Amino acid sequence: MPQRIANIGSLSLSGDHLFLIAGPCVIESQDLCRRIAEHLKNVAEQHRVAVVFKASYDKANRTSTKSFRGVGMAKGLKILAAIREEFGLPVLSDVHTPEEATEAGLVLDCLQIPAFLCRQTDLVQAAAKAGKAVNLKKGQFLAPWDIRTSSPRRSRRAPSRSS
(Lines give C-alpha, C1' and ligand atoms only; values in the text may rest on other atoms or scores of the structure.)
Protein backbone atom coordinates (compact mmCIF):
# COMPACT_ATOMS: atom_id res chain seq x y z
CA MET A 1 0.00 0.00 0.00
CA PRO A 2 1.44 3.41 -0.94
CA GLN A 3 2.41 5.77 1.89
CA ARG A 4 -0.12 8.54 2.50
CA ILE A 5 1.27 12.00 2.93
CA ALA A 6 -0.65 14.98 4.29
CA ASN A 7 0.61 18.41 3.34
CA ILE A 8 -0.14 20.88 6.11
CA GLY A 9 1.39 24.26 5.47
CA SER A 10 5.05 23.68 4.75
CA LEU A 11 5.04 20.23 6.36
CA SER A 12 4.69 16.88 4.60
CA LEU A 13 3.45 14.46 7.23
CA SER A 14 3.17 10.68 7.08
CA GLY A 15 2.88 7.72 9.38
CA ASP A 16 6.63 7.20 9.12
CA HIS A 17 7.52 10.11 11.42
CA LEU A 18 6.11 11.40 14.66
CA PHE A 19 4.34 14.73 14.45
CA LEU A 20 2.35 16.69 17.02
CA ILE A 21 -0.87 18.62 16.82
CA ALA A 22 -0.68 20.76 19.95
CA GLY A 23 -1.75 24.05 21.47
CA PRO A 24 -4.36 25.46 23.80
CA CYS A 25 -7.80 23.88 23.64
CA VAL A 26 -9.39 27.26 22.98
CA ILE A 27 -7.96 30.68 22.11
CA GLU A 28 -8.10 32.82 25.23
CA SER A 29 -5.72 35.55 24.07
CA GLN A 30 -3.04 36.25 21.49
CA ASP A 31 -0.44 36.52 24.26
CA LEU A 32 -1.20 33.01 25.57
CA CYS A 33 -1.11 31.59 22.02
CA ARG A 34 2.23 33.29 21.39
CA ARG A 35 3.77 31.84 24.58
CA ILE A 36 2.54 28.34 23.76
CA ALA A 37 3.63 28.60 20.11
CA GLU A 38 7.10 29.76 21.16
CA HIS A 39 7.43 26.76 23.48
CA LEU A 40 6.16 24.35 20.80
CA LYS A 41 8.57 25.80 18.25
CA ASN A 42 11.46 25.18 20.68
CA VAL A 43 10.27 21.61 21.32
CA ALA A 44 10.00 21.00 17.57
CA GLU A 45 13.53 22.24 16.94
CA GLN A 46 15.09 20.52 19.95
CA HIS A 47 13.50 17.12 19.24
CA ARG A 48 13.30 17.40 15.45
CA VAL A 49 9.59 16.74 15.39
CA ALA A 50 7.00 18.45 13.21
CA VAL A 51 4.39 20.52 15.06
CA VAL A 52 1.03 21.84 13.90
CA PHE A 53 -0.33 24.59 16.18
CA LYS A 54 -3.94 23.85 17.14
CA ALA A 55 -6.30 26.24 18.91
CA SER A 56 -10.05 26.60 18.56
CA TYR A 57 -11.55 30.03 18.01
CA ASP A 58 -14.94 28.61 19.05
CA LYS A 59 -15.53 25.53 21.18
CA ALA A 60 -19.11 24.99 20.10
CA ASN A 61 -19.48 21.66 21.90
CA ARG A 62 -19.30 22.72 25.54
CA THR A 63 -21.39 20.84 28.07
CA SER A 64 -22.45 24.08 29.77
CA THR A 65 -23.81 27.18 28.06
CA LYS A 66 -21.86 29.21 30.65
CA SER A 67 -18.46 27.82 29.56
CA PHE A 68 -16.03 30.09 27.72
CA ARG A 69 -16.22 29.28 24.00
CA GLY A 70 -13.36 31.34 22.60
CA VAL A 71 -12.70 34.67 20.93
CA GLY A 72 -14.82 34.04 17.82
CA MET A 73 -13.90 33.27 14.25
CA ALA A 74 -12.77 36.70 12.99
CA LYS A 75 -10.45 37.45 15.92
CA GLY A 76 -9.34 33.82 16.20
CA LEU A 77 -8.32 33.55 12.54
CA LYS A 78 -6.28 36.77 12.87
CA ILE A 79 -4.49 35.33 15.91
CA LEU A 80 -3.80 32.03 14.15
CA ALA A 81 -2.47 33.83 11.06
CA ALA A 82 -0.14 35.86 13.32
CA ILE A 83 1.10 32.65 15.00
CA ARG A 84 1.93 31.11 11.63
CA GLU A 85 3.68 34.29 10.50
CA GLU A 86 5.75 34.76 13.67
CA PHE A 87 6.66 31.15 14.45
CA GLY A 88 6.46 29.41 11.09
CA LEU A 89 4.09 26.77 12.46
CA PRO A 90 1.15 25.55 10.38
CA VAL A 91 -2.19 26.31 12.09
CA LEU A 92 -5.32 24.25 12.66
CA SER A 93 -8.72 24.96 14.19
CA ASP A 94 -12.15 23.35 14.43
CA VAL A 95 -14.85 24.27 11.93
CA HIS A 96 -18.53 23.69 12.62
CA THR A 97 -20.49 24.70 9.51
CA PRO A 98 -19.90 24.58 5.76
CA GLU A 99 -19.77 28.39 5.71
CA GLU A 100 -17.10 28.41 8.43
CA ALA A 101 -15.08 25.83 6.51
CA THR A 102 -15.06 28.05 3.43
CA GLU A 103 -13.98 31.18 5.32
CA ALA A 104 -11.51 29.45 7.66
CA GLY A 105 -9.98 27.63 4.68
CA LEU A 106 -8.65 30.99 3.48
CA VAL A 107 -6.46 31.23 6.61
CA LEU A 108 -5.92 27.79 8.16
CA ASP A 109 -3.44 25.18 6.97
CA CYS A 110 -5.66 22.37 8.26
CA LEU A 111 -9.36 22.30 9.09
CA GLN A 112 -10.46 20.02 11.90
CA ILE A 113 -13.90 18.46 12.03
CA PRO A 114 -14.92 17.84 15.68
CA ALA A 115 -15.85 14.27 16.57
CA PHE A 116 -19.52 15.06 17.11
CA LEU A 117 -19.71 16.47 13.57
CA CYS A 118 -17.74 13.78 11.73
CA ARG A 119 -20.85 12.44 9.97
CA GLN A 120 -22.09 15.83 8.74
CA THR A 121 -21.67 15.31 5.01
CA ASP A 122 -22.07 18.96 3.98
CA LEU A 123 -19.46 20.07 6.51
CA VAL A 124 -16.94 17.38 5.57
CA GLN A 125 -17.36 18.13 1.87
CA ALA A 126 -17.05 21.91 2.40
CA ALA A 127 -13.85 21.37 4.41
CA ALA A 128 -12.43 19.22 1.60
CA LYS A 129 -13.38 21.84 -1.00
CA ALA A 130 -11.37 24.45 0.93
CA GLY A 131 -8.30 22.76 -0.55
CA LYS A 132 -6.49 22.30 2.76
CA ALA A 133 -5.77 19.20 4.81
CA VAL A 134 -8.70 17.99 6.90
CA ASN A 135 -8.29 16.37 10.31
CA LEU A 136 -11.49 14.35 10.69
CA LYS A 137 -11.85 13.31 14.31
CA LYS A 138 -13.61 10.00 14.86
CA GLY A 139 -16.70 10.20 17.06
CA GLN A 140 -16.82 7.74 19.95
CA PHE A 141 -20.14 6.56 18.56
CA LEU A 142 -18.41 5.09 15.48
CA ALA A 143 -16.52 1.87 15.06
CA PRO A 144 -13.00 2.53 13.77
CA TRP A 145 -13.80 1.18 10.29
CA ASP A 146 -16.92 3.36 9.99
CA ILE A 147 -14.96 6.63 9.88
CA ARG A 148 -13.62 5.63 6.45
CA THR A 149 -17.03 6.33 4.89
CA SER A 150 -16.95 9.87 6.31
CA SER A 151 -13.68 10.70 4.59
CA PRO A 152 -14.09 12.99 1.58
CA ARG A 153 -11.79 10.74 -0.46
CA ARG A 154 -13.58 7.57 0.50
CA SER A 155 -17.18 8.81 0.26
CA ARG A 156 -19.17 6.92 -2.25
CA ARG A 157 -22.61 7.82 -3.44
CA ALA A 158 -25.07 5.05 -2.98
CA PRO A 159 -26.23 3.69 -6.32
CA SER A 160 -29.63 5.03 -7.31
CA ARG A 161 -32.44 2.56 -7.39
CA SER A 162 -34.43 2.30 -10.55
CA SER A 163 -38.01 1.25 -10.32
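Residues numbered from 1 in each chain as written. Predicted model: local features only at pLDDT ≥ 70, side-chain atom pairs only at ≥ 80, totals over all residues. Heavy atoms only, no water.

Student: Could you give an account of the sheet that holds strand 7 (residues 133–136), naming the residues involved and the relevant values?
Tutor: With parallel pairing, the 5 strands of this open sheet are ordered in space as 3-4-5-6-7. In this open sheet, the two edge strands, each paired with only one partner strand, are strand 3 (19–22) and strand 7. Neighbour-to-neighbour, the strand axes of this sheet turn through a mean angle of 25 degrees, independent of strand direction. The pairing of strand 4 (residues 50–54) with strand 5 (residues 91–94) spans 2 bridges and is parallel. Counted as the bridge partner of Phe53 is Val91 from strand 5. In the packing of helix 2 (residues 73–87) onto the sheet, contacts are made with strand 4 and strand 5, and the angle to strand 5 comes to roughly 160 degrees. (Pairing = 2+ DSSP bridges. Helix = DSSP H or I, 4+ residues; strand = E, 2+ residues; numbered from the N terminus. Axes fitted to C-alpha atoms, helices over the stretch in contact; angles between N-to-C directions. Contact = heavy atoms within 4.5 Å.)

Student: Would you mind going over the nonpolar core in detail, with residue names and values included?
Tutor: Formed by 32 residues in total, the largest nonpolar core has its most connected members in Phe53, Ile83 and Val95. Counting only elements with at least two residues in this core, the list comes to helix 1 (30–47), strand 4, helix 2, helix 3 (98–104), strand 6 (110–113) and helix 4 (121–129). Broken down by element, the residue count for this core peaks at 5 residues, all from helix 2. Once residues lying within four places of it in the same chain are set aside, the contact partners of Ile83 are Cys33, Arg34, Ala37, Phe53, Gly88, Leu89 and Val91. One finds Ala50, Val52, Leu92 and Ala133 within the second-largest nonpolar core, a separate group that totals 8 residues. (Core = buried A, V, L, I, M, F, W, Y, C linked by side-chain atoms within 4.5 Å. Buried < 20%, exposed > 50% of the residue type's maximum accessible area, 1.4 Å probe, protein only.)

Student: Describe the pattern of salt bridges, with residues and values.
Tutor: The tally for this structure, following the rule as stated, stands at 6 salt bridges. Lys41 is paired through a salt bridge with Glu45; the nearest N and O atoms lie 3.9 Å apart. Residue Lys41 and its partner Glu45 are both found in helix 1; the two are separated by 4 residues, about one turn of the helix. Taking the relative accessible area as the measure of exposure, Lys41 reaches 26% and is therefore partly exposed. Exposure remark for Glu45: the relative accessible area of 51% places this residue in the exposed category. Linking Asp58 and Arg69 is a salt bridge whose minimum nitrogen-to-oxygen distance equals 2.8 Å. (Salt bridge = Lys/Arg side-chain N within 4 Å of Asp/Glu carboxyl O.)

Student: Account for the packing of helix 1 against helix 2, naming residues and giving values.
Tutor: Between two packed helices, both the angle of their axes relative to each other and the distance between the axes serve to describe the pair. Relative to each other, helix 1 and helix 2 sit at 35 degrees, their axes nearing to 10 Å. Handedness of the crossing formed by helix 1 with helix 2: right-handed. Of helix 2, the residues touching helix 1 (which contributes Gln30, Cys33, Arg34, Ala37, Glu38 and Lys41) are Ile79, Ala82, Ile83, Glu86 and Phe87. In terms of residue class, the contact of helix 1 with helix 2 is built from 6 nonpolar, 1 polar and 4 charged. (Left-handed = near helix turned anticlockwise from the far one by under 90°. Nonpolar A, V, L, I, M, F, W, Y, C, P; charged D, E, K, R; others polar.)

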